[in-house]
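Remarks on the overall topology
One letter stands for each residue in the lines below.
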Amino acid sequence: MKMKKIVFYFSIFAAIALNSCNKENESDILPPDAPSILTGDYEIIANGSWEAEDQVYVWHGGSKGFVDDGKFTLLDPSTSTFKGTLAESLVSGTEYNWYVVSPSAEGSPASCTIPVSEKSQYGKIKAIAGENAPSVNMLSLVAFAKVNIKNTTNQAIIFNSASLSCGNPVFGKMCVDFTDEKVKYIDCPAASQSVLISETESRLPAGETMTFTIAVKPFTANEEVLKLELDNFELTYALNEISFEAGKTVDVNYEINAPDVPEIEEGTVLAASGTASPVADDLIQDWMAFQLTTGVYEYVYRGWLNQGTFFCFGKNNESIKYVFSATDNGAEFGEQGGESAMTITEALSEPSTYNKWTVTKEGYYEIVLDCYTSKLKATYLCDAASVFSKIEVEKLYLNVKYNDQEQFGIRADQMIEMEKTGNGVFKAKVSVPEDKISGQFRCQMDLGGHSLPVILPSDSDKSVAECDGGLAKTPFVLTMNGTTNFWLHTDTPGHSYVITVDLKQGLIWANCDQPSIEASDILLSGPAIGYDWGNFAHMKKTDNQSVFEFEVEISGKDEMFTIHLDGEQRSLIPFSGGNEVLSLGENKFKYRDAAADCGWFVPNIPAGKYKLTVNLQDYTLTVTKVN
């Protein structure tokens, strides 16, 4: 291997030259056979498996002790070559001991502190002449625990965090001395817990095994346990005179067994009902929905609860199959939250006979049903006035009814999801299909797994049929009753609205979403403009491709005319959807992708010559008098 070094040869001639420049004393001149001195950039070989930018920590030692050369960075992975800078010069002909540790270190080889990781290793080589680059074989400083987790249940297990802990501090950092023939592990502050996964969802299918390999400080276990925590699971592995030796791997096996509770069938809907529920006390039709969170054994509800009582149940095919009730009747919680033992039974009797939980303070809650430990845990989040400042709403849904028949249910996962366009701002388009005659809609929030209605502050339905004004920006309030307060949507089938909800400002509004209209020919027909039915006048297209004009004599009689596009199969009709009296100035129209016989009457316009202007972008029919 080629070693970069700066070598200074001091000859008599060089000494004379230096003397002439620096006026040094001749007694300071080295003899011609003086040894070479090496300093500056230096390279060593640390044989092992490395990745780009890896580093090792280097010391060299001699008769005067250890010299800290600091970090050397990997220069060539194929040859395990590292490059760094010597902290003290080397002299050729002099022998040095070299000590190398990975990945970083504090102290000296006699008392070195390093992290416990899969790359924690060391190397040493003694009596290497200064002019020779050291080549060190690296050895592991840590043992390895191969953690095998087997799911013996018949359901997938989902978890977001995993940690391993031991009574013996074997994680974190360790202190070692490897200046002698055998490595010594010295007592120093270390950790007794190691995080395997944090906030990363992992899924362990039924019958399969997941494996983690983790580095530990070498030790001999004596009647200790390695405790594994996976979210709401806590598993233990007994250690009895097992040696974790440096460089070797020990298998640690865990099994997740099915809990001693009734098996919850796949497809079961978990819900709750009662006077505390924000919906009516109807077990089949109205209930709070729980969402599966960390696995098949844990469900969560985040939303509003009234003062009152509730119990939980699981239903499949619209029938109650399981009931989750308070072990002790009268278990309650409020702003302080709470935890209660839970009994899970198959529903063999009427739900009213089961024990219920009591809510003592209304507000937003997080309710967790932990079926593995058979516990219910409650956390009070905030009151209604604080919901938008304390809870970030990530999803908002539209719930739509047509012809008074509800198209979507109350559960959030059956809603039309709105698009989030800003901080607390959501938009969606809603329309009445062609085969329906009317429609209604409402909005519901998803607060971490459940929806709540967002309604107008009126007991009556609110119309949004007037598209020229739409639904103006209107404050809304929250209600816990998800079955009322739909906004009426009575426009022509096929028409659409853009609904906008601003949760931060507490406003909702709706604008008419008119389709884009293109036409090459606009035709007028009717006796009001002097044309018999079936005879058409063709409007003139202007330089603006969306604007058409036509000058015509209007009779002023109580007669009508109609407007069609490119023939009679598309129509522009009065905004009301029926016949309408024409006015001077702007008249709003709307588009119908079908033939229509409704149009404008002209009894209030004096007979005379007028210009009719149709603007397909503004949806206006403008009437002006021609002088």
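Let me sum up the structure you'll find in this document. (Residues numbered from 1 in each chain as written. Predicted model: local features only at pLDDT ≥ 70, side-chain atom pairs only at ≥ 80, totals over all residues. Heavy atoms only, no water.)

1. Some words on the overall build of the protein chain
Where we set the bar: Only DSSP runs of H or I with at least four residues qualify as helices, and only runs of E with at least two residues qualify as strands; both kinds are numbered from the N terminus onward. Partly exposed describes any residue whose relative accessible area lies between the buried limit of under 20% and the exposed limit of over 50%, with all areas from a 1.4 Å probe on protein chains only and scaled to the type maximum. Note on definitions: a residue-residue contact is assigned when non-hydrogen atoms from the two residues lie within 4.5 Å. We get accessible surface area from the Shrake-Rupley algorithm with a probe of 1.4 Å; when it comes to residues, only the shown protein chains can shield them.
Scanning the protein chain from terminus to terminus reveals two helices and 57 strands. For the protein chain, the residues scored as buried account for 48% of the 627 residues in total. Intrachain contacts of the protein chain at a sequence separation of at least 6 include 68% that bridge at least 24 residues. Total accessible area on the protein chain stands at roughly 30000 Å², and carbon and sulfur atoms take up 46% of it.

2. Thoughts on the sheet that holds strand E9 (residues 106–108)
What counts is decided by this rule: DSSP bridges decide pairing: two strands pair if at least two such bridges lie between them. Under this scheme, a helix contributes an axis fitted over its contacting stretch, all axes are lines through C-alpha atoms, and angles between N-to-C directions fall in the 0 to 180 degree range.
Ordered by their spatial adjacency, four strands build an open sheet running E9-E10-E16-E17, and the pairing between neighbours is antiparallel. Strands at the two margins of the open sheet, each flanked by one partner only, are E9 and strand E17 (184–186). Averaged over all neighbouring strand pairs, the angle between strand axes comes to 35°, with direction disregarded.

3. Thoughts on the pattern of salt bridges
As a reminder of what qualifies: For this analysis, a salt bridge means a side-chain nitrogen from Lys or Arg found within 4 Å of a carboxyl oxygen belonging to Asp or Glu.
For the structure shown, the criterion picks out 10 salt bridges. Across the pair Glu-549 and Lys-611 runs a salt bridge, and its minimum N-O distance is 3.8 Å. Of this pair, Glu-549 sits in strand E50 (residues 547–554) while Lys-611 is found in strand E56 (residues 608–615), placing the two residues 62 residues apart along the sequence. Among the residues examined, Glu-549 registers a relative accessible area of 29% and is labelled partly exposed.

4. Observations regarding the pairing of strand E15 (residues 157–166)
Taken across its 10 residues, E15 has eight buried, putting it largely inside the fold. With eight bridges joining them, E15 and strand E18 (residues 193–204) adopt antiparallel strand pairing. Directly across from Ile-158, in E18, lies its bridge partner Arg-203. Alignment of E15 against strand E20 (residues 219–230), held across five bridges, turns out to be antiparallel. Note on E20: the bridge partner recorded for Ser-163 is Glu-229.

Fair warning: the whole summary comes from geometry, so function is off the table for now.
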